[in-house]
Amino acid sequence: MSSLPSELVNEILLRLPVEPLIRFQCVSKLWHALINHTDFIQRHLELSIAVNRERTLIFKECDVDPPLNCFWARFNDEQIDRALTKIRQPLRNEKLYTQILDYCNGLVCLHDYERGIAIWNPLIRRYKKLPFEPIENPTGFTDCRSGLPDLAFGYDPVNDDYKVMRVVQFYRKIEKIEATNAFAFELKVYSLRAHSWKRVEEEWPKELSPRSSSASLNGAFHWLVGPPTPARSSETLLAFDLATEKFREYTIPVQSDDDSVLGLEVLKGCLCICVNVFVTRNDVWVMKEYGVISSWARLYTIEQGAVPWTFEYCKPLAYSKDGKKVLMEQDFAYLFWYDIEEKRGTRVRFRPMLKSFQTATCVGSLVLLDGDILIDPRQKKRNKRKRKSNPAEGLNLLVEAMEEVG
């Protein structure tokens, strides 16, 4: 390929999966520089997202003690690998529980209950562990209302940066706990580009507390929020713009009650609210046009009778290629495809069977190519045997990419 124009070589390499690109860094200094260039990494990611290249499910096991294991399964449209592959994750501590915070652009953010946080690219086995940042109590506030901070992870397209936000809510004991001056918040944001934390000057609305996990979309973090009291009422959507570091608030089309719980997710580039009415049904509302309140619409309803099993909580993970089915996670224990038109579900089965898990979806991404290498001795041996048995694999991929370019 040395006789090909550099622009054509670039177009060919852009169409390759991440694993051969990692190996092709050794071909020459030119290829190494090209594959590691920020423009190449961004264009490769955009193409992966556009065609769902190397779409992968990541499973974080929760039912073992300690829950150290992660698994992955590739899926193409409705075809999902039935055999799960075990992979090593960067926050392996036998005394601490690790969970998935959020994911985007092929990256998964993990955290444990001792303030350890890592941004991880499971497909290229690279990661970056965040530096420790102490919590600073506001003046007059000595107790934290919640034992754990609220965290958010996402992408800031304006500054081409991946960020983690930490929200710590404090309270002080006064007669009227509902009073605005009874609460204070510490807000800090970590920048992957700067590899450091900084305090956010914008104040969190003191009359609101997070009621859901965060969801990242369009360069902003989002939470369902409500009054800092046990009553389930007056819930709204709060957004924090990562570029301007300003808050925005939107009304939502539904409210929770004693028999239901709301969850916030992202499905195919849209914010969605999952309404789980206990042992009755699951509704999903989507904001079809970001930031436009009138664009909220109910996407579908799953009644208990539509699937031959009971469920308490469901959340959507991905659409099928034709958009007629949605891959659902049920009760942190099962996956199933739900046919929106036929109103029926089909369970997805795996080996090994996991009793409880969290999920993330990834695409092929070279983001974090400059991160720390996560070495798994067992995987290293398997890869060595695989390369010996498939010496022409990389060449075949190159030929296929050249044919695609034409």
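Scroll up a little and you will see the structure.
An account of the accompanying structure is given in this report.

Calculation rules
- Residues numbered from 1 in each chain as written.
- Predicted model: local features only at pLDDT ≥ 70, side-chain atom pairs only at ≥ 80, totals over all residues.
- Heavy atoms only, no water.
- Helix = DSSP H or I, 4+ residues; strand = E, 2+ residues; numbered from the N terminus.
- Buried < 20%, exposed > 50% of the residue type's maximum accessible area, 1.4 Å probe, protein only.
- Pairing = 2+ DSSP bridges.
- Axes fitted to C-alpha atoms, helices over the stretch in contact; angles between N-to-C directions.

**Things to note about unusual backbone geometry**
The phi torsion of most residues other than glycine is negative, and most of the peptide bonds are trans.
Alright, step 1. The step from Arg351 to Pro352 runs through a cis peptide bond, and the omega angle for that step is -5°.
Alright, step 2. Along the chain, Pro352 turns up in the loop between β26 (344-348) and β27 (357-362).
Alright, step 3. Within the chain, Asn105 stands out as a residue other than glycine whose phi angle is a positive 50°.
Alright, step 4. Counting through the fold element by element, Asn105 comes out in the loop between β5 (98-104) and β6 (107-112).
Alright, step 5. Taking the relative accessible area as the measure of exposure, Asn105 reaches 18% and is therefore buried.

**Concerning the pairing of strand β21 (residues 281-287)**
Alright, step 1. Of all the seven residues making up β21, six are buried; the element is thus mostly covered by neighbouring parts of the structure.
Alright, step 2. The antiparallel pairing of strand β20 (residues 270-277) with β21 creates a hairpin that spans three residues between the two strands, and Val279 there sits at a positive phi of about 50°.
Alright, step 3. Strand direction decides the pairing type here: β21 and strand β22 (residues 296-303), joined by seven bridges, are antiparallel. Looking at β22, one finds that Asp283 is bridged to Thr301.

**As for the sheet that holds strand β23 (residues 314-319)**
Alright, step 1. Read across the open sheet, the four strands follow the order β23-β24-β25-β26; overall the sheet is antiparallel. Each of the sheet's edge strands pairs with one partner strand only, and the pair in question is β23 and β26. Pairs of neighbouring strands in the sheet enclose a mean axial angle of 35°, with direction left out of account.
Alright, step 2. In the sheet, strand β25 (residues 334-339) pairs with β26 via five bridges, with the strands oriented antiparallel. By the bridge assignment for β26, Phe336 is matched with Arg347.

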